[in-house]
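# A structural walkthrough
Spelled out, the chains give:
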Amino acid sequence: MEKVGFVKIPISGNTSSRSSRTHLVSLDSGEYLARHSRISQSIQLYHLDEERLAYELFLAKDGPNPINFYYGFSFISPDSIYISSVPPEIIMVNHTGEVKSRFKVNSPDLKLTSLSAFNGTPLIKHENILYGAQPLFMGHHTIDVSEFKDHYHIFKYHILADTIEWLPIHFREEHWSRGKKMDNFSYLIKGDSIIVSPHHDHDLWIYRLNSGELIDYKETKSAYVKDFLYLNSMPTGHMEGPELVLSHPQYENFLYDRFRNIYYRFYYLPYHFSKGEALMDLQNDRPLIGIMVLNDQLEIIGEYHFDKFEIEAGNYFVGKHGLYLSNNNLNHADFSDDFLNYSIVRFNYE
């Protein structure tokens, strides 16, 4: 891994360095980091080369353009900002915050509680279709493996027709062949394919973009991801859950680097915590993170492990200069909430 640059952006007192949604926006005027500020409840655009706040959109909770509960967003263009809200609804606003459209997302077979629009499961606009994900089971402890096929996880919203279609993308029955593995996944669109990266499965799932028809399963197994977490019953006590999660590995975000034609599959390594450590903080910002680099055929060409607390879990994106990795890990000794810190790296595997 080669470090090719660093970004340090000062932020104001009404902004936290922590955000559940960040992504790159490429405009004629340059590359920007789009992110949601939890404190000010706003969507912000930071100019990466100039290291400054360039734009901020405050989301109204009342008035003519209310957005009651934000649950992620995708900044497609200044006049097309899609926001996921609760109850399940996608709202499109322009750069002034004016609501241009709303559509409710329903499933014929499931009672949805929310839609994911975070870094690993973004809203993706492809031509005149908006794709989105609901990567969780509705009732992990109550459903049976026979119900997997009722849990479709990726929808497509036909913008011009104003209709919703759920693609036949679901977990395999083998996912629970040895017990109830955890759910959740990341996904991306590449060409005419949807590639799903389950967090508790070594295989990538490849589907046709238009129909959701399965094309193939591609094993991309890290040598360091073993012994997935099986959760056959509810954890007892408020600390058993974090203890179980931290002691097991899992895959995480899955990214495509269009500038270098490679993929990145992140993963968490198991962590054996010490007495007195704040387990909830460790669960929210994992101490040990690794990355697999895949070529354009989804073949592993290298792996790398970051130092303990070196990067912030889940906060990574691809730009023309390289892969941006947030250094704002809450548990790092030098953590500061006054700056957005990103290392820019590249991987040179032959």
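Here is a short report on the structure shown in this document. Note that the coordinates shown come from a computational prediction; the quantities given were computed from them, not determined experimentally.

### Let's talk about the sheet that holds strand 1 (residues 2-10)
Taken in spatial order, the four strands make up an open sheet running 1-24-23-22, and their pairing is antiparallel. With one partner strand each, in any of the chains shown, strand 1 and strand 22 (316-319) form the two edges of the open sheet. For this sheet, the mean inter-axis angle between neighbouring strands, taken without regard to orientation, is 25 degrees. The sheet contact formed by strand 1 and strand 24 (residues 339-346) spans eight bridges and is antiparallel. Each bridged residue has a counterpart across the sheet, and for Lys 8 the counterpart in strand 24 is Asn 341.

### Points about the sheet that holds strand 17 (residues 214-219)
The strand order across the open sheet formed by four strands is 14-15-16-17, and the pairing between neighbours is antiparallel. The two strands at the open ends of the sheet, each matched to only one other strand, are strand 14 (185-190) and strand 17. With strand direction ignored, the average angle separating the axes of adjacent strands in the sheet is 20 degrees. Two elements, strand 15 (residues 193-198) and strand 16 (residues 203-208), share four bridges in a ladder whose sense is antiparallel. From the neighbouring strand, Ile 195 faces strand 16, where its bridge partner is Ile 206.

### Regarding empty space enclosed by the protein
One pass over the full model with this rule turns up one cavity of 30 Å³ or more. Roughly 30 Å³ of volume is contained in the largest cavity. What lines the largest cavity is simply Ser 107, Pro 108, Asp 109, Leu 110, Asp 150, His 151, Tyr 152 and Trp 166. Each residue belonging to the lining of the largest cavity can be placed in one class, and the counts come to four nonpolar, two polar and two charged.

### Brief notes about the packing of aromatic side chains
What the rule picks out here adds up to 15 aromatic pairs. A ring pair is formed by Phe 171 and Trp 205, whose centres lie 5.1 Å apart and whose planes are at 90 degrees; its orientation type is edge-to-face. Of the two residues, Phe 171 is situated in the loop between strand 13 (163-167) and strand 14 and Trp 205 in strand 16; the sequence distance between them amounts to 34 residues. Considering the side-chain rings of Tyr 256 and Tyr 263, the 4.9 Å spacing of their centres and the 50 degrees angle between planes classify their relative orientation as tilted. Positioned above the aromatic ring of Phe 339 is the side chain of Lys 8, whose terminal nitrogen or guanidinium carbon lies 4.4 Å from the ring centre. For the cation-ring pair, Arg 265 lies above Tyr 251, with the distance from its terminal atom to the ring centre recorded as 3.7 Å.

### Here we look at the environment of Lys 190
Tracing the chain through its elements places Lys 190 in strand 14. A relative accessible area of 29% places Lys 190 in the partly exposed class. Between the C-alpha atom of Lys 190 and that of Ile 344, which follows or precedes it by 154 residues, the distance is 23 Å. Here Lys 190 is in contact with Ile 195, Tyr 256, Asn 261 and Tyr 263, once residues within four sequence places are set aside.

### Section: the pairing of strand 6 (residues 70-77)
In terms of strand pairing, strand 6 meets strand 7 (residues 80-85) through five bridges, oriented antiparallel. Counterpart to Phe 75 in the pairing with strand 7 is Ile 81.

### Notes on the nonpolar core
If you look at the biggest cluster of nonpolar residues, it comprises 20 residues, and the most contacted ones within it are Tyr 131, Ile 154, Ile 169, Phe 185, Tyr 187, Ile 194 and Val 196. Listed by contribution, the elements that provide at least two residues to this core are strand 11 (129-133), strand 14, strand 15 and strand 16. Look past the residues within four positions of Val 196 in its chain and what remains in contact with it is Ile 154, Ile 169, Phe 185, Ser 186, Tyr 187, Asp 203, Leu 204, Trp 205 and Tyr 207.

### A word on the side chain of Ser 40
Residue placement: Ser 40 occurs in the loop between strand 3 (30-37) and strand 4 (42-47). Of note is the side chain of Ser 40, whose polar atom sits 3.4 Å from the side chain of Glu 56. Beyond its immediate chain neighbours, meaning those up to four positions away, Ser 40 contacts Asn 14, Glu 56 and Phe 58.

### Observations regarding the pattern of salt bridges
Under the definition given, this model contains ten salt bridges. Put simply, Glu 310 and Lys 3 hold a salt bridge, and the shortest N to O gap is 3.4 Å. Taken as a pair, Glu 310 in the loop between strand 21 (300-305) and strand 22 and Lys 3 in strand 1 lie far apart in primary sequence, 307 residues in all. A salt bridge links Arg 52 to Glu 50, with the nearest nitrogen and oxygen atoms 2.4 Å apart. For Arg 52, a relative accessible area of 37% puts it in the partly exposed group.

Cut-offs and rules
Residues numbered from 1 in each chain as written. Predicted model: local features only at pLDDT ≥ 70, side-chain atom pairs only at ≥ 80, totals over all residues. Heavy atoms only, no water. Pairing = 2+ DSSP bridges. Helix = DSSP H or I, 4+ residues; strand = E, 2+ residues; numbered from the N terminus. Axes fitted to C-alpha atoms, helices over the stretch in contact; angles between N-to-C directions. 1 Å grid on protein atoms, 1.4 Å probe; cavity = no way out; pocket = protein on both sides within 12 Å on 5 of 7 lines; lining within 4 Å. Points joined across faces, edges and corners; volume = space filled by probe spheres on them. Nonpolar A, V, L, I, M, F, W, Y, C, P; charged D, E, K, R; others polar. Phe/Tyr/Trp six-rings, centres within 6.5 Å; stacked < 30°, edge-to-face > 60°. Lys NZ or Arg CZ within 6 Å of the ring centre and 35° of its normal. Buried < 20%, exposed > 50% of the residue type's maximum accessible area, 1.4 Å probe, protein only. Contact = heavy atoms within 4.5 Å. Core = buried A, V, L, I, M, F, W, Y, C linked by side-chain atoms within 4.5 Å. Polar contact = N/O pair within 3.5 Å; in protein donor to acceptor, adjacent residues only side chain to side chain. Salt bridge = Lys/Arg side-chain N within 4 Å of Asp/Glu carboxyl O.

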